[in-house]
Structures are given as C-alpha cells and as structure tokens.
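# Tertiary structure, described
Letter by letter, the chains look like this.
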Amino acid sequence: MWDVLSHPELGDVRGRPWRERRALLVDLVAELGGPPIQVVPVTEDPATAREWITALQSSGIEGVVCKRTASPYRPGRMWVKVRASTPTDATVIGYAGPVARPRTVVVRLPDGRMRFSRPLSAVLSTQMASHVRLTGAGGREVLDGAVYTACVPLAAEVEAGTTRHATVPVRRLRPDLL
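A brief report on the enclosed structure follows. Only a predicted model underlies this, so the values are computations on that prediction, with no experimental measurement involved. (Residues numbered from 1 in each chain as written. Predicted model: local features only at pLDDT ≥ 70, side-chain atom pairs only at ≥ 80, totals over all residues. Heavy atoms only, no water.)

### Brief notes about the pairing of strand 8 (residues 137-143)
- Pairing of strand 8 with strand 9 (residues 146-159), which is carried by 5 bridges, proceeds in the antiparallel orientation. Bridge pairing links E141 to Y148 in strand 9.
- Between strand 8 and strand 9, which pair antiparallel one after the other, the connecting turn spans 2 residues, and D144 there sits at a positive phi close to 50°. (Pairing = 2+ DSSP bridges. Helix = DSSP H or I, 4+ residues; strand = E, 2+ residues; numbered from the N terminus.)

See below:
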C-alpha cells in the first residue's frame, strides 16, 4: 500500500500532506501484523530510487512513483511514474491517423511482436509525416482489430517489455539506420 485517504479515527485525510498520510498509513498497516498487506518502501534520495529501478528491473518492476511530500491528495494523477526501461530498437511498419499528422505508429519489436505505439509527440508525428511524404504510404492493414496504413520501414528506438500495457512508447525515429 502506498497511500491512505480515510482514517478510522480522523476520517477524511485527503487534505493532509502526503508525508502525514504516509505516517498514518505506516501506523495502520503495522497493526495488521505484516503480509499480505504491507507498505511499499519510499525514499527521498534520487540515487536510491535509481538503484531500486536497476536492481528490481529483472523482477518485472514497472518503475517508481514520485510524489511531492507536501501535497494533499487530489483526484487524478498528481504523481509521476519513472519507468524502468531499456531502449530497444524496433521497426516502424505503419501509422494510424491522418498522413499529415499520424497519431500512433505500428512497430515490429526484435522478437517479431507487433504493437501500436503510445500517442506520438508533435515532433515525432511531424517526423513520421515527413517520412511518409518522402517514401509514400502503403495499403491498409489491421492489428488487434485496429486499422493502420503500412509504410516503408523506418528504424525507431522504443521502450518495450517493461510495461503491462499493449502499447510501447517511441523515444525517437531513426531514419539514419535503415
């Protein structure tokens, strides 16, 4: 467990800083006597967090979550997840969205799996549109029930294999490699 929003004696504690909520959580979980419910470890030291990511990556850890210690709880994502990942080369084989501004690309990973990317940044979308304008678009294809347009292959650097999600983040396109 990593946060508490309501306390049996204090009621709603969402307005309190995370540091206070964390102390309340530690006290509450201590009363339970251990696993299967336990408090996740925390650190305020970035070097320690990087060590955890490196040491635990082989066990399938997705990353670490960063929160401001003085922040009250607010609905939505008020934290940052730093993913454990190693860049992987992949091949872009298509795109989804308009040719002038592709929203995502389809990549073939080194192991042969094909995945849609996460939404492209404006810079990556512009680069992909330029690639398609220069090389031309292919026919329509289907992956996991979604339609995409094939393209001349393009190398890309992605983060793959470190997420439970079916999409992969594209770090950069590499027209210099193919």
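What follows picks up the thread again.
### A look at helix 3 (residues 122-135)
- A rise of 1.5 Å per residue sets the reference length of helix 3, with its 14 residues, at 20 Å; its end C-alpha atoms lie 20 Å apart and thus fit the reference within 8%.
- Of all the positions in helix 3, only L124, S125, M128, A129, H131 and V132 are classed as buried. Across the axial projection of helix 3, the buried residues extend over an arc of 160°, all falling on one side. Set apart from the buried face of helix 3 by more than 90 degrees, the exposed residues are V123, R133 and L134.
- The secondary structure elements touched by the buried residues of helix 3 are strand 5 (87-96), strand 6 (104-108), strand 8, strand 9 and strand 10 (170-174).
- G136 lies just past helix 3 and shows a positive phi near 90°. (Expected span 1.5 Å × (residues − 1). Buried < 20%, exposed > 50% of the residue type's maximum accessible area, 1.4 Å probe, protein only. Arc of directions from axis to C-beta. Contact = heavy atoms within 4.5 Å.)

### Here we look at the environment of P102
- Considering the arrangement of structural elements, one finds P102 in the loop between strand 5 and strand 6.
- Put simply, P102 and G145 are 43 residues apart on the chain and 18 Å apart in space, counted from C-alpha to C-alpha.
- For P102, the residues in contact, after removing those within four places along its chain, are Y95, A96, L120, S125, M128 and A129.

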